[in-house]
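One-letter residues, chain by chain:
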Amino acid sequence: QVALVESGGGLVQVGDSLRLSCAASGRTFSAYSMGWFRQAPGKEREFVAAITSNSAGTSYADSMKGRFTISRDNAKKMVYLQMNILKPEDTGLYSCAANSLSGATARSPMAYNYWGQGTQVTVSS
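A brief report on the enclosed structure follows. (Residues numbered from 1 in each chain as written. Predicted model: local features only at pLDDT ≥ 70, side-chain atom pairs only at ≥ 80, totals over all residues. Heavy atoms only, no water.)

1. A look at the overall build of the protein
To keep it simple, the criterion reads: A run of H or I in DSSP becomes a helix once it reaches four residues, and a run of E becomes a strand once it reaches two; helices and strands are each numbered from the N terminus. For the radius of gyration, the atom set is restricted to C-alpha positions; the globular benchmark scales as 2.2 Å times the number of residues to the power 0.38. Exposure classes here rest on a 1.4 Å probe applied to the protein chains alone. A residue is buried below 20% of its type maximum, exposed above 50%, and partly exposed in between.
Helices and strands together make up the secondary structure of the protein, namely zero helices and 11 strands. Scanning the protein from its N terminus toward the C terminus, one meets helices and strands in the order β-β-β-β-β-β-β-β-β-β-β. Taken over C-alpha atoms, the radius of gyration comes to 13 Å for the protein, in line with the 14 Å a tight globule of 125 residues would show. Referenced to the eigenvectors of the C-alpha coordinate spread, the extents of the protein come out at roughly 40 × 25 × 25 Å. In the protein, which comprises 125 residues, the proportion classed as buried is 43%.

Shown next, in the form of structure tokens:
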């Protein structure tokens, strides 16, 4: 079992950067692939990025490619999402999630077994 806690969200201006963190607890964190999702008010949850358990593979939503970078540190049980050149449409509640398939970079929320509560990101124009 994995418990996840996100941090690092906030109110920023267009073009700013933020780094989100996801702290995991549980002895088997390194066996899970991880993902970031976001949800804006009135919209469905949206895939942002995913990373395999050994960091060998990553995947990004098209609108985030080149601006966002997902990474992880298994020794620290942390997952990060570096977000650059933020836009108003990046506003939302960002959640990290754990997938028991270690080699996956799944885009569907249904693939993930554990979720954090989320951290709010608001990009103001």
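2. Comments concerning the side chain of Asp-90
Rule in force here: Two N or O atoms form a polar contact when they lie within 3.5 Å of each other; inside protein one atom must be a possible hydrogen donor and the other a possible acceptor, and for residues adjacent in sequence the pair counts only when both atoms belong to side chains. Pairs of residues are marked as contacts when any of their non-hydrogen atoms sit within 4.5 Å.
Checked against the element boundaries, Asp-90 lands in the loop between strand S8 (78-83) and strand S9 (92-99). Classification of Asp-90 by relative accessible area gives buried; the value is 1%. Among the polar contacts listed, one links the side chain of Asp-90 to the backbone nitrogen of Lys-87, at a separation of 2.8 Å. Contact partners of Asp-90, with chain neighbours within four places excluded, come to Arg-38, Arg-67, Phe-68, Ile-85, Val-121 and Val-123.

3. Thoughts on the state of the cysteines
The cut-off we apply is this: The definition used for a disulfide is geometric: two cysteine sulfur atoms within 2.5 Å.
A complete count under the given rule lists one disulfide for this structure. With a sulfur-sulfur separation of 2.0 Å, Cys-22 is cross-linked through a disulfide to Cys-96. Between Cys-22 and Cys-96 the disulfide shows an S-S torsion of about 55°. By sign, it is right-handed. Of this pair, Cys-22 sits in strand S3 (residues 18-25) while Cys-96 is found in strand S9, placing the two residues 74 residues apart along the sequence. By relative accessible area, which is 0% here, Cys-96 ends up buried.

4. Details of the pattern of salt bridges
Counted only if it meets this: We count a salt bridge whenever a side-chain nitrogen from Lys or Arg sits within 4 Å of a carboxyl oxygen from Asp or Glu.
One pass over the full model with this rule turns up four salt bridges. Across the pair Arg-38 and Asp-90 runs a salt bridge, and its minimum N-O distance is 2.8 Å. Linking Arg-38 in strand S4 (residues 33-39) with Asp-90 in the loop between S8 and S9, this pair joins segments that are 52 residues apart in sequence. This pair shows no difference in class: Arg-38 is buried, exactly as Asp-90 is. Taken together, the salt bridges that share partners define one network made up of Arg-38, Glu-46, Arg-67 and Asp-90.

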